[in-house]
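Chain residues, written in single-letter form:
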Protein chains: 2
Amino acid sequence: MSEPQMNDDDSLEDEIELDEPRLRLIQIALDERDQTALDDLLEPLHGADIADILEQISSAERGTLIALWSGHIDGEILSELDESLREEVLDALPAEDVAEAVRELDTDDVVDLIENLDDDDQAVAIMGALNEADRFAVERALSYPEYSAGRLMQREVVVAPSFWTVGQAIDFLRTAEELPEQFYHVILIDPRMRPVGHVTLGKILSTSRDTPLSEIEEESFRTFDATDSETEVAYAFNQYHLISAAVVDEDDRLLGVITIDDAIRILDEEAEEDILRLAGVDAEESISNRTLGVVRRRFPWLFVNLITAILASIVISQFEGIITEIVALAVLMPIIASMGGNAGTQSLTVAVRALATRDLTGANVWRVIRREVIAGGINGMIFAALMAAVGVIWFGSPMLGVVIAVAMVINLVVAGLAGVGIPVVLEKAGIDPALASGAFVTTVTDVVGFFAFLGLAALWLI
Amino acid sequence: MSEPQMNDDDSLEDEIELDEPRLRLIQIALDERDQTALDDLLEPLHGADIADILEQISSAERGTLIALWSGHIDGEILSELDESLREEVLDALPAEDVAEAVRELDTDDVVDLIENLDDDDQAVAIMGALNEADRFAVERALSYPEYSAGRLMQREVVVAPSFWTVGQAIDFLRTAEELPEQFYHVILIDPRMRPVGHVTLGKILSTSRDTPLSEIEEESFRTFDATDSETEVAYAFNQYHLISAAVVDEDDRLLGVITIDDAIRILDEEAEEDILRLAGVDAEESISNRTLGVVRRRFPWLFVNLITAILASIVISQFEGIITEIVALAVLMPIIASMGGNAGTQSLTVAVRALATRDLTGANVWRVIRREVIAGGINGMIFAALMAAVGVIWFGSPMLGVVIAVAMVINLVVAGLAGVGIPVVLEKAGIDPALASGAFVTTVTDVVGFFAFLGLAALWLI
């Protein structure tokens, strides 16, 4: 990114991004408790970067930073901070600093800050710092279910009666006492506070004063119910390129607006959740978790994996006799299982993402399953030929080559089938396919792989 | 999502989203070649939904839809369409429909449409449809490297000299001939066309006419060089909650702007890329790919996996003697390897994402590695105890239990170390850690797992 130019009156500040050299200097300043150096280093940074620093330094350094710099830790930094650290930082901050920080925030950010606090005292303190209108808005938002549009919205909105002209809207905006930090539309309402359309600020600015707002409203206008899920909201923002959208109550009256930054946060969180869940990691895990937290979060998946691995071992144990006779089977069997597991994971990942982005639906599910099965079969045959050659060259047994080849084709076909079929079935059953598919698919490919390979060996090699 | 209310003059349309029942009706209409029904079903939908339909129906249905409805396939639908289908659809559309569709687009969308076309004739036809100014802008954008800010930006900008007042800006906007579809800021420029700041439309609307724009400009203002990578741009939009940002040339003169929708698309693509690459799937793969495309895209990763699996088999073959004597080893050995592979994948996924979001840096890398190793050790000990018990109960050999337990601890510690260490080293070497880490990590855990388990068995059980 280029440094912006200074203009004549010097009103522009250089925008500085956090980089590793600066981070190292900050750590040195913390180590030496050098308040002046710390101010110089932190002052020019964006709140999001300060939050990143708090997440990346050690907890001892974090303590020093808060002690030396608590007056500067504002609402923005707190809302950017990873949830796993918020309570620690809130605890360390003097009560008056927390109160001041919270008062700067839009109500949606206060809701986000407060909703995951385990510590009720902190929540009470934050609510106490708000003025009455904001406190009411936060309480109202918290009355909606978690992960709903009602929790995401901010109460700060800009509205105009639908019969106003551009000029009336501009005059109103010029004299308005309190406007949101950022807003992109004026929402048109009817006399009962129901939103009936919206106008972009660009249109208002480029139209003559006497034009009625209703003449320049956007063609497309979407509202959300406060009880809509945040997943639906984020999907619609992404799909229809929304920048802000009104939220209404059960009587279609305006409650607030959701803006693009909220939607980006949700999209981000959901992609992250899918990535982590596909790898068997708790979606709440973060890089700032402590060791024991990590142990606890990783354990369940590893335990599930242990059970499935034992299942596979039980299959193997059925063939102990033939393994003792032909030890090459023990050498080669992990290859069949591993190829099946990998092919299954490929299909499954594509399917899970296509489900999440709504690209895999009733319209194409059978075509996709057929495609995966055929693709598995074709790749299976290629690898069957390769492995048959390896088997013959390595162990000098053509029949062993045939066994490997057939088992490989079977397992890769099954991998394609299970890789798409299992997530689709889980989704239908209301279970997040990202969470559970991996365990099912690898169990299937392990069991089928070992059974096909050792079973065929028992049939054909003796 | 709630249906918006109709206002009195009926100027609002109901916003209809695509759902499965409607998709089925569309398929029926296509099947029956029922033009009227098709119009009724497709007309109310957003372009992004039409693109989704084209992606989800079969290629025969796609042909019918284009034949019956080509006049309605506009620029928006084309830019929303998955890259894998664009050439097919462009080929099927009459030339004049393509030309008309393309002329509606902002220049950044034309660049996006054109840059991945393999078919030069299509690109030439699209360029030919543009007016001279747009063609020049598109050519200029294409002169910047792929995946750079220069490719992302649109030339349509709204600027004002920095000495103007609010009133002058409003008068200019009211008389401007061509304004971008959507814009969020007025960019302030100096006499040499260098951006020196920007003002939000909300500020312009809420300030009196005689106020100089320089008094209400935003405190923070970031510009990008046209050669900056799109990854950097997307990171900054996400980190600093930007909504639009100016792009400048090497002399700091304004070239265009990048808006939030471009940044969201990049963020989306990059998260998707990480998910797919972690599972060994080509990042370009999509649910609309044909079977042979899928075979070709999946093959390389499966081939890499075959090599690593053979490596593991070679380790096993060194211990053929002891396996023949104690067949329980063949039964149990996949458990050790599988637990190591899963634990390694957990660590690796967390590390790859933390690198992508710049949460894993020089400041915390050693702390994170230490944490992963200790967490691996602790989980290793828990599972060691469990598996030792299984070994003793199943095979009645306490010493076998000890071998399993020690091998488990070793492999889970190694998994933690490799899971973070390998992506960090790859990132330093300039290789995308999402792409290559998986193969390395599972090779390490397979080889170490088999070697530790069978090696300890050879030492202690004979």
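Data block above holds the structure.
To keep things clear, this report deals only with the structure shown in the data block. (Residues numbered from 1 in each chain as written. Chains lettered and ligands numbered in written order. Predicted model: local features only at pLDDT ≥ 70, side-chain atom pairs only at ≥ 80, totals over all residues. Heavy atoms only, no water.)

Further remarks concern the nonpolar core. Ranked by internal contacts, the top residues of the largest apolar core, which has 81 residues, are Phe453 of chain A together with Phe453 of chain B. When near neighbours in sequence (up to four residues on either side) are disregarded, Phe453 of chain A contacts Leu329, Leu332, Met333, Ile336, Val403, Ile404 and Ala407 of chain A. (Core = buried A, V, L, I, M, F, W, Y, C linked by side-chain atoms within 4.5 Å. Buried < 20%, exposed > 50% of the residue type's maximum accessible area, 1.4 Å probe, protein only. Contact = heavy atoms within 4.5 Å.)

As a further point, take a nonpolar patch on the surface. A cluster of nonpolar residues, Phe303 and Ile307 of chain A together with Ile382 and Leu386 of chain B, forms a patch on the protein surface that exposes about 300 Å² of accessible area. Those elements that provide at least two residues to the nonpolar patch are helix H16 (291–317) of chain A together with helix H19 (365–395) of chain B. Relative to the assigned elements, Phe303 of chain A resides in helix H16. The partly exposed category is assigned to Phe303 of chain A, whose relative accessible area is 33%. (Patch = residues over 30% accessible without salt bridge, like charges linked within 9 Å, V, L, I, M, F, W, Y side chains within 5 Å. Areas by Shrake-Rupley, 256 points an atom, 1.4 Å probe, with all protein chains shown as cover. Salt bridge = Lys/Arg side-chain N within 4 Å of Asp/Glu carboxyl O. Helix = DSSP H or I, 4+ residues; strand = E, 2+ residues; numbered from the N terminus.)

Next up on the list: the sheet that holds strand E1 (residues 159–161) of chain B. Residue and element names in this part refer to chain B. In spatial order, the strands read E1-E2-E3; together these three strands make up an open sheet with mixed pairing. The sheet is open, and its two edges are formed by E1 and strand E3 (195–200), each paired on a single side. The average undirected angle you get between the axes of adjacent strands in this sheet is 35 degrees. Across three bridges, E1 lies against strand E2 (residues 185–189) in parallel orientation. (Pairing = 2+ DSSP bridges. Axes fitted to C-alpha atoms, helices over the stretch in contact; angles between N-to-C directions.)

In this section: the interface of chain A and chain B. Tallying the contact residues gives 146 residues for chain A and 146 residues for chain B. Summed over both sides, the interface between chain A and chain B buries roughly 12,400 Å², with carbon and sulfur atoms accounting for 60% of that surface. Where chain A packs against chain B, one counts four salt bridges. Glu272 of chain A is the partner of Arg353 of chain B in a salt bridge, and the nearest nitrogen-oxygen pair spans 3.0 Å. (Buried area = accessible area lost by both parts, 1.4 Å probe.)

A volume near 340 Å³ is recorded for the second largest pocket. Taken together, 18 residues form the lining of the second largest pocket, with Ser288, Asn289 and Arg290 of chain A together with Arg367 and Arg371 of chain B sitting closest to its centre. Mapped onto the lining of the second largest pocket, the elements with two or more residues apiece are helix H4 (59–69) of chain A together with H19 of chain B. Residue contributions to the lining of the second largest pocket peak at five residues, all from H19 of chain B. For the lining of the second largest pocket, the residue count by class is six nonpolar, six polar and six charged. (1 Å grid on protein atoms, 1.4 Å probe; cavity = no way out; pocket = protein on both sides within 12 Å on 5 of 7 lines; lining within 4 Å. Points joined across faces, edges and corners; volume = space filled by probe spheres on them. Nonpolar A, V, L, I, M, F, W, Y, C, P; charged D, E, K, R; others polar.)

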